Amino acid sequence: MTAYKALSREELKQVKEELEQQFAEVRARGLKMDMSRGKPSAEQLELSVGMLDTVNSKSSLLCENGMDARNYGILDGIPEAKKLFADIMETEPENVIVFGNSSLNIMYDTVARSMLHGVMGCTPWCKLDKVKFLCPVPGYDRHFGITEHFGIEMINIPMREDGPDMDMVEDLVNTDASVKGIWCVPKYSNPQGITYSDETVRRFAHLQPAAEDFRIYWDNAYCVHHLYEDKQDQILEILEECKKAGRPDMVYKFSSTSKISFPGAGIAALAASEANLKDVKNTMKMQTIGHDKINQLRHVRFFKDLDGIHAHMKKHAEIIRPKFEAVLSALERELGDLEIGRWIAPRGGYFISFEAMDGCAKAIVAKAKEAGLVMTEAGATYPYGKDPHDSNIRIAPTYPTLEELKEAAEIFVLSVKLVSAEKLLEESI
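About the thresholds
- Residues numbered from 1 in each chain as written.
- Predicted model: local features only at pLDDT ≥ 70, side-chain atom pairs only at ≥ 80, totals over all residues.
- Heavy atoms only, no water.
- Phe/Tyr/Trp six-rings, centres within 6.5 Å; stacked < 30°, edge-to-face > 60°.
- Helix = DSSP H or I, 4+ residues; strand = E, 2+ residues; numbered from the N terminus.
- Buried < 20%, exposed > 50% of the residue type's maximum accessible area, 1.4 Å probe, protein only.
- Lys NZ or Arg CZ within 6 Å of the ring centre and 35° of its normal.
- Contact = heavy atoms within 4.5 Å.
- Pairing = 2+ DSSP bridges.
- Axes fitted to C-alpha atoms, helices over the stretch in contact; angles between N-to-C directions.
- Polar contact = N/O pair within 3.5 Å; in protein donor to acceptor, adjacent residues only side chain to side chain.

The chain is annotated in an unreviewed UniProt entry as Aminotransferase from Faecalicatena acetigenes.

Below, the structure is given as structure tokens:
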């Protein structure tokens, strides 16, 4: 295939006409597919159904410390759940609080707590003239939604192949006291699938913030979400690196079982320093007497330990790996030589990030919708929904069946080709 930019205007017009014919045929099928969110498929959810049998009316509901899981108490989570999450998050149980079903909820509460009460005795953010957050882009739209909700100014930080642009991060964090946090998805990032390098993690740990209450919001959502047995990214443990650097309080680390067991019915956790956890508990004890301990018990009895988690995630990988490979194969086969898009083949996580030609992402998503494919809204991977280049599109392959995904990939690449051809024709006038 010849790169579109190498074609003459007449050749490009002919290509466009052929693509329009193909698109009309696809649209006539009346397909309806939704790839707008990174949701586990029904087949993946079935993997955890046995969990519902681990606790029933005949089960002992005593925790290992003798506490009755049916009753009030244990603000920070049952011991066995703290141990399981500590192993998943590569830290110690005393550094962990187990919450309810959503790590996003923990992140929201953490920002809200900082706004209302401040961080470890610092001035509450709501009393400050300006509060800023750094946002590696493209990134997770729900992170940006939290900070936008609280009126926090968000600053784009470009993602590199080894993580955020750390020169820019260091310059802003170390010189501007209004910078209070940075969102991070450090392993198999959303949406690019990038894992931060050892150097990047160490540079994070050695930040010298101008603000005493600056925190790294380390959302390790995909820490065990590998696609391959023989190609797995590894990452340095940020809490330990911050401790070595003499800044043990600089990070909040989040995780959950949302894409391990049941989204909406899993368990989530925060890992942090002793001082940070004490600060968190001071507010928590006013919010709750404890989270759902029966659900915590259910998860521990089903997974048992970290080996059980890894074995379970292999089953997830067997289901979703062919889906990722189907999309990547279609991208390479149909777009590889046309020079109208770029993408990264991730080793884990839940997304594929596609970079279209500048000014084309919104049009591509709209075109795909015409043919029955709903995708994540273009711009969603940037703060305020504003992609300055209108180029990034998040592809979420997990929810559709493999057959549906092949049709979805056909619609997507056709939309990319058609919109790109139209764009180049406009520019050649």
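It is worth spelling out the packing of aromatic side chains at this point. Within this structure, the stated rule accounts for 15 aromatic pairs. Here the aromatic rings of Trp 183 and Tyr 217 are separated by 5.1 Å at their centres, their planes lie at 70°, and the arrangement is edge-to-face. Taken together, the residues Trp 183 in strand β6 (residues 179-184) and Tyr 217 in strand β7 (residues 215-219) connect sequence positions 34 residues apart. Each member of the pair, Trp 183 as well as Tyr 217, is classed as buried. Counting every residue linked through ring pairs, the aromatic cluster contains Trp 125, Phe 133, Trp 183, Tyr 217, Tyr 252 and Phe 254. The ring of Tyr 399 has Lys 39 lying over it, and the distance from NZ or CZ to the ring centre is 4.5 Å. Here the guanidinium or amino end of Lys 259 rests over the ring plane of Tyr 350, the centre of that ring lying 5.2 Å away.

In this structure, Ala 421 sits in helix α13 (residues 402-427). Spatially, the C-alpha atom of Ala 421 lies 7.6 Å from that of Val 15, the residues being 406 residues apart in sequence. If near-sequence neighbours (up to four positions away) are discounted, Ala 421 is found in contact with Tyr 4, Leu 12, Lys 16 and Leu 19.

Attention now moves to the sheet that holds strand β9 (residues 268-271). Strand order across the open sheet formed by eight strands is β2-β9-β8-β7-β6-β3-β4-β5, with mixed pairing between neighbours. Unpaired on one side and paired on the other, β2 (96-98) and β5 (163-164) mark the two borders of the sheet. Both β2 and β9 contribute to a ladder of three bridges, which runs antiparallel. Residue Val 98 lies in a different strand from β9, and its bridge partner there is Ala 269. Along the sheet, helix α3 (residues 79-88) makes contact with β2, β8 (251-256) and β9, crossing β2 at roughly 120°. Helix-sheet contacts for helix α6 (residues 166-175) involve β3 (132-137), β4 (153-160), β5 and β6, and the interaxial angle to β4 is about 150°.

Taken across its 11 residues, helix α10 (residues 293-303) has eight buried, putting it largely inside the fold. Within the span of α10, buried status applies to Lys 293, Asn 295, Gln 296, Leu 297, Arg 298, His 299, Val 300 and Phe 303. Check the buried side of α10 and you find it contacts α3, β2 and α11 (306-335). N-cap assignment for α10: the residue whose side-chain oxygen lies 3.1 Å from the backbone N of Ile 294 is Asp 292. The positive-phi residue at the C-terminal boundary of α10 is Lys 304, with phi of around 70°.

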